[in-house]
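So the chains spell out like this:
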Amino acid sequence: YWDEWDLEALGLYKPWLEGKLQFSDLFKAHNEHRLVLTRVCDLAFFVLYDRWAPWVQLVLNAALHAATAAALAAVFWRPLTPAARVGFVTALAVCFSAIFGWQNALYGIQSQVYFASLLAAGALAGLTLGRPLSPAWWAGWSAAALALVSLASGVLSALAALIIGVMFTPRSQWRTVRHWLALALIAAVVAYGLLGFTEPPRQQALHAQSLAQFYSVFARCLSWPHITSPLPWVLMQLPMVALLFVRWRRREPLSAIDRCALGLLAVAVLQAAAVAYNRANGLVELRPLSRYLDPLLLGVAAQLYAAFHLASTCGRAGRLLALCWCAAAAIGLLTLTTSNLTLNLPFKRAQDIAGLDQVRTYLKSGDASVFTRDPNFPAPHPDPQVVQRILDDPVLRPALPRAFFTDYPGPAGEPPPWVIAHGRTLTLLT
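Residues numbered from 1 in each chain as written. Predicted model: local features only at pLDDT ≥ 70, side-chain atom pairs only at ≥ 80, totals over all residues. Heavy atoms only, no water.

1. Notes on the overall build of the chain
Here's step 1: Counting secondary structure elements, the chain contains 18 helices and two strands.
Here's step 2: A globule of 430 residues ought to have a C-alpha radius of gyration of about 22 Å, and the chain, at 23 Å, matches this closely.
Here's step 3: Overall, the C-alpha framework of the chain stretches about 75 × 45 × 45 Å when taken along its three principal axes.
Here's step 4: Among the 430 residues that make up the chain, the fraction classed as buried is 50%.
Here's step 5: When contacts within the chain are restricted to residue pairs at least 6 apart in sequence, long-range pairs at least 24 apart make up 73% of them.
Here's step 6: Accessible surface for the chain amounts to roughly 20,700 Å². Of this, 66% is attributable to carbon and sulfur atoms. (Helix = DSSP H or I, 4+ residues; strand = E, 2+ residues; numbered from the N terminus. Rg over C-alpha atoms; globule rule 2.2 N^0.38 Å. Buried < 20%, exposed > 50% of the residue type's maximum accessible area, 1.4 Å probe, protein only. Contact = heavy atoms within 4.5 Å. Areas by Shrake-Rupley, 256 points an atom, 1.4 Å probe, with all protein chains shown as cover.)

2. Digging into the packing of aromatic side chains
Here's step 1: The final tally for this structure, using the stated rule, is 17 aromatic pairs.
Here's step 2: Between W5 and W52, the aromatic rings sit 5.9 Å apart at their centres with planes inclined by 90°, giving edge-to-face as the arrangement. Taken together, the residues W5 in helix 1 (residues 3-17) and W52 in the loop between helix 2 (36-49) and helix 3 (54-77) connect sequence positions 47 residues apart. Across the pair, W52 and W5 agree in class, each one buried.
Here's step 3: On the basis of an interplanar angle of 10° and a centroid distance of 4.2 Å, the ring pair of Y13 and F46 is categorised as stacked. With a gap of 33 residues between them, Y13 in helix 1 and F46 in helix 2 connect regions that are remote in the sequence.
Here's step 4: Judged by relative accessible area, which is 5%, F46 ranks as buried.
Here's step 5: Of note, R251 hangs over the ring of W248, and the distance from its end group to the ring centre comes to 5.9 Å.
Here's step 6: Sitting above the plane of the Y1 ring, K348 keeps its charged end 5.1 Å from the centroid. (Phe/Tyr/Trp six-rings, centres within 6.5 Å; stacked < 30°, edge-to-face > 60°. Lys NZ or Arg CZ within 6 Å of the ring centre and 35° of its normal.)

3. Concerning the environment of E199
Here's step 1: When you line up the elements, E199 lands in the loop between helix 9 (177-195) and helix 10 (211-222).
Here's step 2: On the basis of relative accessibility, which here comes to 23%, the residue E199 falls in the partly exposed class.
Here's step 3: A distance of 2.6 Å separates the side chain of E199 from the side chain of H207, its partner in a polar contact. (Polar contact = N/O pair within 3.5 Å; in protein donor to acceptor, adjacent residues only side chain to side chain.)

4. Section: the pattern of salt bridges
Here's step 1: The full count for this structure, using the stated rule, is 10 salt bridges.
Here's step 2: Of the charged contacts, one joins E18 and K14 as a salt bridge, the two residues approaching to 2.7 Å between their closest N and O atoms.
Here's step 3: Here D25 makes a salt bridge to K28, at a shortest N to O gap of 3.3 Å.
Here's step 4: Classification of D25 as buried rests on a relative accessible area of 13%.
Here's step 5: Residue K28 is classed as partly exposed on the basis of its relative accessible area of 48%. (Salt bridge = Lys/Arg side-chain N within 4 Å of Asp/Glu carboxyl O.)

5. Some remarks on the environment of Y13
Here's step 1: Here Y13 falls in the buried class, since its relative accessible area comes to 1%.
Here's step 2: C-alpha of Y13 to C-alpha of L43: the two residues are 30 residues apart in sequence and 7.1 Å apart in space.
Here's step 3: Leave out the neighbours within four places in its chain, and Y13 touches E8, D42, L43, F46, W52, Q57 and L396.

6. Some remarks on helix 1
In an α-helix, one turn spans 3.6 residues; hence positions three or four apart end up facing the same way.
Here's step 1: When the terminal C-alpha atoms of helix 1 are compared, their 20 Å separation across 15 residues agrees well with the 21 Å that a helix rising 1.5 Å per residue should span.
Here's step 2: Roughly 30° is the biggest bend found in helix 1, and it falls at A9.
Here's step 3: Regarding helix 1, the residues found buried are E4, W5, L7, E8, A9, L10, L12, Y13, K14 and P15.
Here's step 4: Buried residues belonging to helix 1 abut strand 1 (29-30), helix 2, helix 3, helix 15 (315-365) and helix 16 (384-392).
Here's step 5: Looking at the residues trailing helix 1, positive phi occurs at G19, about 75°. (Expected span 1.5 Å × (residues − 1). Bend = angle between axes of the 7 residues up to and from the residue.)

7. A few points about helix 8 (residues 155-167)
Here's step 1: Taking 1.5 Å of rise per residue, 13 residues should cover 18 Å, and helix 8 covers 19 Å from first to last C-alpha, within 8% of that figure.
Here's step 2: Burial in helix 8 covers these residues: V155, L156, S157, A158, A160, A161, L162, I164 and G165.
Here's step 3: Buried residues in helix 8 make contact with helix 6 (111-129), helix 7 (135-147), helix 9 and helix 13 (256-279).

8. What to know about a nonpolar patch on the surface
Here's step 1: A cluster of nonpolar side chains, contributed by W418, V419, I420, L426 and L429, occupies part of the molecular surface with about 500 Å² of accessible area.
Here's step 2: Put simply, the parts of the chain that give the nonpolar patch at least two residues each are helix 17 (418-421) and helix 18 (423-429).
Here's step 3: With three residues, helix 17 is the largest single contributor of residues to the nonpolar patch.
Here's step 4: Inspection of the secondary structure assignment puts L426 in helix 18. (Patch = residues over 30% accessible without salt bridge, like charges linked within 9 Å, V, L, I, M, F, W, Y side chains within 5 Å.)

9. A closer look at the packing of helix 6 against helix 8
Two quantities define a packed helix pair, namely the angle between the axes and the distance from one axis to the other.
Here's step 1: In the contact formed by helix 6 and helix 8, the axes pass within 9 Å of each other and the chain directions differ by 25°. Taken together, the axes of helix 6 and helix 8 lie roughly parallel to each other. Relative to helix 8, helix 6 is oriented so that their crossing is right-handed. Facing A120, A123, L124, L127 and T128 of helix 6, the residues of helix 8 in contact are S157, A161 and I164.
Here's step 2: Taken together, the residues that form the contact of helix 6 with helix 8 break down as six nonpolar, two polar and no charged. (Axes fitted to C-alpha atoms, helices over the stretch in contact; angles between N-to-C directions. Parallel < 35°, antiparallel > 145°, perpendicular 65-115°, else oblique. Left-handed = near helix turned anticlockwise from the far one by under 90°. Nonpolar A, V, L, I, M, F, W, Y, C, P; charged D, E, K, R; others polar.)

10. Structural notes on the packing of helix 3 against helix 14 (residues 297-313)
Here's step 1: The geometry of helix 3 relative to helix 14 is characterised by a closest axis approach of 11 Å and an angle of 30° between their N-to-C directions. Considering the angle they form, helix 3 stands roughly parallel to helix 14. Crossing handedness for the pair helix 3 and helix 14: right-handed. On helix 14, the residues touching H65, T68, L72 and F76 of helix 3 are L297, L298, A301 and Y305.

Listed below in structure tokens is the structure:
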């Protein structure tokens, strides 16, 4: 769908089959992004399965998403009390299992988003919990550097770590050479990421055209999961604000895990700002698209940690805050899930069926008008000639998905992998 035809078929698989793919091609910019990790994985699947394998890409997306949830659970497990752990992990599982990020889950190319989130979690954990220049710190620094070739917003993990290192590091550490060297190394990653940023001129039309437009999208992102309104962000960001207030009032310094949570929240806030600035003018009703929401889960994890930590240390007031926050999040998730199940996903299913039918019809008849015949379901790429070029290419045609050449009913075109075929049973067991 859309960019997959360009990035994968024409930019990756065709040069590989013709023996023309260069190592530097993996680093070519796609819009604002350097999608090296996604390209490497997709090419590996292509070689392994000897054809374009979208199903396997979707399983990778799910695995990366689950790995991010597991990493966040591991990071915050020890600092919480046993009772708080139960609440934290349960809430984290609910948030990560919700279908608000359905576009990322159903587009194979969107592994870029999951790579960036997983690497951001690893980067902030290593850079804030590890002693400067220790093995754990270097692991975090490596994750931050690797994030630069996962997605354009991958630089935000290093930027967030730099902000936390400058603003919230204990005074005693400022007198050490290790701390200054660590900050310099993180700043080098940030500088490299920002200097390597490229943007096609056509993308500039999507930028926010006014401060009001920017704020509206920014506030909606921070209001997750209440993305239809810019108002609830005050409530949805309250737990971390309350935790900082409690630390200040008790004259307690921030712990390493507090700084890690703040770093994850900073990544989410920076992500919200990036979406608002770069895409606000292209969003219907200024609502962030589904594919922009998954990175915000890093901030959600930080808020969950703050809420359940306060619930276990601040008595009735802390428990009431955690309960109100979880209730507000649950209401928002129910509303968002209902909208996706009744509107977005049914449309996506119809869109997939129509697109697959267009491809099959064209392969049988060669009639290009099939891609422009239905105004409700245009071609699976903005330029139908791109799809025609790929389907007509004698090099690519044998490697196209089997679904294109079968009349197997449904959008899949072939039986899914076992982990998807038995998904309902696995969910019940879980």
